[in-house]
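Secondary and tertiary structure notes
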Amino acid sequence: AAIEKGGYDHFMLKEIFEQPQTIYDCLRGRLDAEKGTITMSGIQKYAEQIMNANRIIMVACGTSWHAGLVAEYIFEELCRINVEVEYASEFRYRNPVINKGDVIIAISQSGETADTLVAIENAKKQGAIILGVVNVVGSSISRVSDGGAYTHAGPEIGVASTKAFTAQLAVLTMIALKIGYEKGTLDKDRYMRLLDELNSVPDKVKVVLEQQERIKALAEKYKDASDALFLGRGYNFPVALEGALKLKEISYIHAEGYPAAEMKHGPIALVDENLPVVFVATKDSYHEKVISNMQEIKARKGKVIAVITEGDEHSTSLADDVIEVPEADEIVAPMLSVIPLQLLSYYVGVAKGYDVDKPRNLAKSVTVE
Ligand code: G6P
């Protein structure tokens, strides 16, 4: 088993550290930044339908659902297509309105999650086009799907999903770039710039991973908290949800993720000097707004831990602790800002002596409803 873990203590840590490679593998052979092309045959076949879709419905569970939420922001921005993001378990049991021409994107690491599978089977019967963004080749969801793209992240063993998530983001971003450019809602300059940005993600992830020791120290500092709040806006809002989910799964600390402004409508009541509040606050078009949310937490004596863009002195002066990530376009930023949160939950779980690869009560793949 030690060999399988490649020298790492746990699969989860190994998989976190594999991300520069897995994201690279996911882009390789598809994205050509010099030629300005994205080649994805399982998407190309449906490009017309996607471009002309009334709406795209992302269907998923857990961490994959969070990837869908990030993709909602990206598709609406770059492709100007209305996107809904659905929990598969809710979508399958209500009587959803599905029209011909709706495009469903099922997102799943395992390709076997029962709720996601049945949800797309139902939607298919009603005439929707089903695209799969799946990691496991030949899995049930990939077989039911009309088209799609694999994430090529390799086997994920740790129950808490890490490298599958960033690969899902890479694939979904490539689809949005391709569709937006072909549709004309994304101009050539921005398209070419975003191809470069995407291409540089693996190297930037490496830089984030270099902060391992610092994040470990933060985990020691905050491991005895009973609750934690994760806040973000825009592209980083789903990252906040994912950070909270990771912490709950691995460390059993109660954590909530919230849109940073929405916290005023509830979670702010929890803030006192004992509550760690993790801000996902990289520099983007929402930044000034996030800063003022940070000030609101500080005014109530909350402990602010912020994931920020390198050199952001303003955020550094407000936060109790910061973790820096390299500068990047906001479209690709979630692939960087999620990494410190994965590491933080990992180290908190380890510090508390828990089995991080097999957290209690959770299954890697939920094949029963
Ligand atoms: C389980 C796993 C999660 C995963 C979710 C969806 O809850 O523990 O890590 O995100 O299922 O799984 P899928 O394979 O469909 O992505």
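Residues numbered from 1 in each chain as written. Predicted model: local features only at pLDDT ≥ 70, side-chain atom pairs only at ≥ 80, totals over all residues.

Let's shift gears to the site of the ligand. Near the ligand there are 16 residues, and of these Gly62, Thr63, Ser108, Ser110 and Thr113 occur at the shortest range. The dominant element in the shell around the ligand, judged by the number of residues it contributes, is helix α5 (residues 62-79), at three residues. Residue composition of the shell around the ligand, by class: five nonpolar, ten polar and one charged. (Near = placed C-beta within 6 Å. Helix = DSSP H or I, 4+ residues; strand = E, 2+ residues; numbered from the N terminus. Nonpolar A, V, L, I, M, F, W, Y, C, P; charged D, E, K, R; others polar.)

The geometry of α5 relative to helix α9 (residues 163-183) is characterised by a closest axis approach of 9 Å and an angle of 20° between their N-to-C directions. Taken together, the axis directions place α5 and α9 in an arrangement best described as roughly parallel. Crossing handedness for the pair α5 and α9: right-handed. Across the interface between the two elements, Thr63, Ser64, His66, Ala67, Val70, Ala71, Ile74, Phe75, Leu78 and Cys79 of α5 pack against Phe165, Gln168, Leu169, Leu172, Thr173, Ala176, Leu177, Ile179, Gly180 and Lys183 of α9. (Axes fitted to C-alpha atoms, helices over the stretch in contact; angles between N-to-C directions. Parallel < 35°, antiparallel > 145°, perpendicular 65-115°, else oblique. Left-handed = near helix turned anticlockwise from the far one by under 90°. Contact = placed C-beta atoms within 7 Å.)

Attention now goes to the pairing of strand β10 (residues 276-280). Within β10, five of the five residues are buried, which leaves it mostly tucked inside the rest of the structure. Neither face of β10 is open: one carries Pro276, Val278 and Val280, the other Val277 and Phe279, and all of them are buried. Strand direction decides the pairing type here: strand β8 (residues 227-232) and β10, joined by four bridges, are parallel. Bridge assignment links Leu231 to a residue of β10, and that residue is Phe279. Two strands pair when backbone bridges link them, and β10 and strand β11 (residues 303-309) are joined in this way by five bridges, in the parallel orientation. When the bridges of β11 are listed, Pro276 appears paired with Lys303. (Buried ≥ 20, exposed ≤ 12 C-beta atoms within 10 Å, placed from the backbone. Pairing = 2+ DSSP bridges.)

This brings us to the nonpolar core. Core analysis: the biggest nonpolar cluster contains 130 residues, and Met58, Val59, Ile104, Ala176, Phe279 and Ala306 have the highest contact counts within it. Looking at which element gives the most residues to this core, the answer is α9, with 13 residues. If sequence neighbours within four positions are ignored, Ile104 has contacts with Ile57, Val59, Ile120, Ala123, Ala128, Ile129, Ile130 and Leu131. (Core = buried A, V, L, I, M, F, W, Y, C linked by C-beta atoms within 7 Å.)

Another aspect to go through is the confidence of the model for the protein. Across the protein, the average pLDDT comes to 96, with 99% of residues at 70 or higher. If you check the scores for this complex, the pTM reads 0.97 and the ipTM reads 0.97. (pLDDT = per-residue confidence, 0-100.)

Summarising burial for strand β3 (residues 55-60): five of the six residues are buried, a large majority. Note: β3 against strand β4 (residues 82-87), six bridges, orientation parallel. Looking at β4, one finds that Ala60 is bridged to Tyr87. Where the polypeptide runs from β3 across α5 and back to β4, its parallel neighbour, the crossover connection is right-handed. (Right-handed = clockwise from strand over helix to strand, strands pointing away.)

In this section: the sheet that holds strand β7 (residues 147-150). Spatial strand order, β4-β3-β5-β6-β7: five strands in an open sheet with parallel pairing. Where the open sheet ends on each side, the last strands, each with one partner, are β4 and β7. Across the sheet, the mean angle separating the axes of adjacent strands is 20° when strand polarity is ignored. When strand β5 (residues 103-108) meets strand β6 (residues 129-134), the two strands line up parallel, connected through six bridges. Opposite Ser108, over in β6, you have Val134 as the bridge partner. Of the strands in this sheet, β3, β5 and β6 are in contact with helix α7 (residues 114-125), which crosses β5 at around 165°. Lying over the sheet, α9 contacts β5, β6 and β7, oriented at roughly 140° with respect to β6.

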